[in-house]
Amino acid sequence: MNLKISNSQIEHIKGANSYLIVSTFLIFVVGLYFSLLDSPPDYIQGDSMRIMYVHVPSAWLSLFSYTILAISCIVWFVTRNPIFNLFAKSIAPIGAAFTLIALVTGSIWGKPTWGVWWVWDARLTSMLLLFFLYLAYILLWQSITNQETAAKISAALGIIGFINIPIIKFSVDWWNTLHQPATISKLSAPSIDINMLIPLLIMTLGYMCFLITVFLIKLRIEIIDQKMVRLSEV
Amino acid sequence: MSEFILMNGYGTYIWSAYAFTFIILGYLFFTNSLKLNKKQKQLDKLLKKSD
C-alpha cells in the first residue's frame, strides 16, 4: 500500500480531535439531561420510552456507518487509493459497537414493551445480521496476512453486505413485525412529540460527534501502522 | 430522588440500557486512545532509530 499523508494533515486531525472530544462530552451531558429529566414520559409506554434516546441514535448510526464502509469499499475498488481502505477499517469497529448497543438496548426495551427480550422478526434479525457482517469484515482483515488479498476480500464483503441496509430500513414496511414503523421520515412530518424529538436529536448529534472522534483516532492508528510497516521495510 | 431512580418501575430497564451504552462507548474511546498513544510512541522510537 502506498499511502501519502503529510504530517500537517495528521496535525489537522489531531487538532480537530481535541475539539470533538470536548464537544461530544458537552452534547452528551445536555442530551442526558433532556432524555432523563426534561422529556415527558410516553402516554402508553411510560418512562420505559426513555430507552429510545440511546437505542434509536445507535441504530441510525450503525446503518450510517455501514453505508460509509460500503462507499469506501466501492471507491477503493475504483481508485485503489489505500486511504479508502483505512476509512472502512476505521469505521467498522465503531459501527459494530453501535449495532451491539442497538441490539442490547432494543432487547432491554422490548421486555417491558412486548413482554419478551427477543423475537426473530425481520427488523431484529436483519440488525443481528448487520452485527455479524461487521464482525466478519473485522475478522477478515485480522485473519488474512496478505494485505492486498485482505483488502480485496473484505471490500467485496463490505459491498455485498450493503444489500442488508435497505432490508433493515424497510423491514418494518415489507413484513409484519413486532418492531414499530419509522417515527421520523424525510417524506412526512414526524409522529413524535417535539419534547421527545429534541432530546432524540441532541443524543443523535452526540453519537455523531462520538463517531467522528473515535473514527479519527482509529484512522490515526491505521496511518501510524502503515508508516511503521514502511519504516521496517527500509 | 428515589422517583428519578425508580422511573415508575422501569428504572432497572432504563439504567441498565444507559449503563450498557456508555460502558461500550467509554470502552471504545479509552482503548483506542491508549492504543494511539502506544503506537505513537513506537513510531517515534522507530523514527529516532532510522535517523
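Quick look at the structure, then. Nothing here was measured: the structure is a model prediction, and the numbers come from that model.

What counts as what
- The numbers attached to residues start from 1 for each chain and follow its sequence in the written order.
- Think of it this way: whatever chain is written first is A, whatever ligand is written first is 1, and the rest follow in order.
- It should be noted that, the model being predicted, local features are given only for residues of pLDDT at least 70 and side-chain atom pairs only at 80 or more, the latter also being counted only at that level, while totals for whole chains, interfaces and linings use all residues.
- By definition, residue pairs are in contact when their C-beta atoms, positioned from the backbone, come within 7 Å.
- Each residue gets one of three labels, nonpolar for Ala, Val, Leu, Ile, Met, Phe, Trp, Tyr, Cys and Pro, charged for Asp, Glu, Lys and Arg, and polar for the others, Gly among them.
- Any set of buried Ala, Val, Leu, Ile, Met, Phe, Trp, Tyr and Cys residues joined through C-beta atoms within 7 Å is what this text calls a nonpolar core.
- Counting other C-beta atoms within 10 Å of its own, a residue is labelled buried from 20 upward, exposed at 12 or fewer, and partly exposed in the gap between, with every C-beta atom placed from the backbone.
- A run of DSSP states H or I qualifies as a helix once it reaches four residues; a run of E qualifies as a strand once it reaches two. Both are numbered from the N-terminal end.
- Convention adopted: a line fitted to C-alpha atoms gives each axis, helices being fitted over their contacting stretch, and angles between N-to-C directions are expressed from 0 to 180 degrees.
- Should an angle fall under 35 degrees it is called roughly parallel, over 145 degrees roughly antiparallel, and 65 to 115 degrees roughly perpendicular, with every other angle called oblique.
- Should the near helix be turned anticlockwise from the far one by less than a right angle, the crossing is termed left-handed; should it be turned clockwise, right-handed.
- Expected helix span is computed as 1.5 Å times (number of residues minus one).

Topic: the interface of chain B and chain A
Logical step 1: Between chain B and chain A, the contact holds 24 residues from the first and 29 residues from the second.
Logical step 2: Taken together, the residues of the side of chain B that touches chain A sort by class into 14 nonpolar, 8 polar and 2 charged.

Digging into the nonpolar core
Logical step 1: Counting 59 residues, the largest nonpolar core has Ile51 and Ile94 of chain A as the members making the most contacts within it.
Logical step 2: Elements with a minimum of two residues in this core: α2 (52-79), α3 (82-114), α4 (122-143), α5 (147-160) and α7 (194-233) of chain A together with α2 (11-50) of chain B.
Logical step 3: Counting residues per element, this core draws most heavily on α7 of chain A, at 16 residues.

With respect to the packing of α3 of chain A against α4 of chain A
The axes of two packed helices give the description: the angle between them and the distance between them.
Residues and elements named next belong to chain A.
Logical step 1: Relative to each other, α3 and α4 sit at 150°, their axes nearing to 9 Å. Our classification of the angle between α3 and α4 gives roughly antiparallel. For the crossing formed where α3 meets α4, the hand is left-handed. Residues Lys89, Ala92, Pro93, Gly95, Ala96, Thr99, Leu100, Ala102 and Leu103 of α3 touch α4, and the partners they reach there are Met127, Leu128, Leu130, Phe131, Tyr134, Leu135, Tyr137, Ile138 and Trp141.
Logical step 2: Among the residues forming the contact of α3 with α4, the class breakdown is 15 nonpolar, 2 polar and 1 charged.

Concerning α2 of chain B
Logical step 1: Look at α2 of chain B: 58 Å from first C-alpha to last across 40 residues, which is about the 58 Å you get at 1.5 Å a residue.
Logical step 2: Taken together, the buried positions of α2 of chain B are Tyr13, Ile14, Ala17, Thr21, Leu25, Leu28 and Asn32 of chain B.
Logical step 3: Among the structural elements, α2, α3 and α7 of chain A are those in contact with the buried residues of α2 of chain B.

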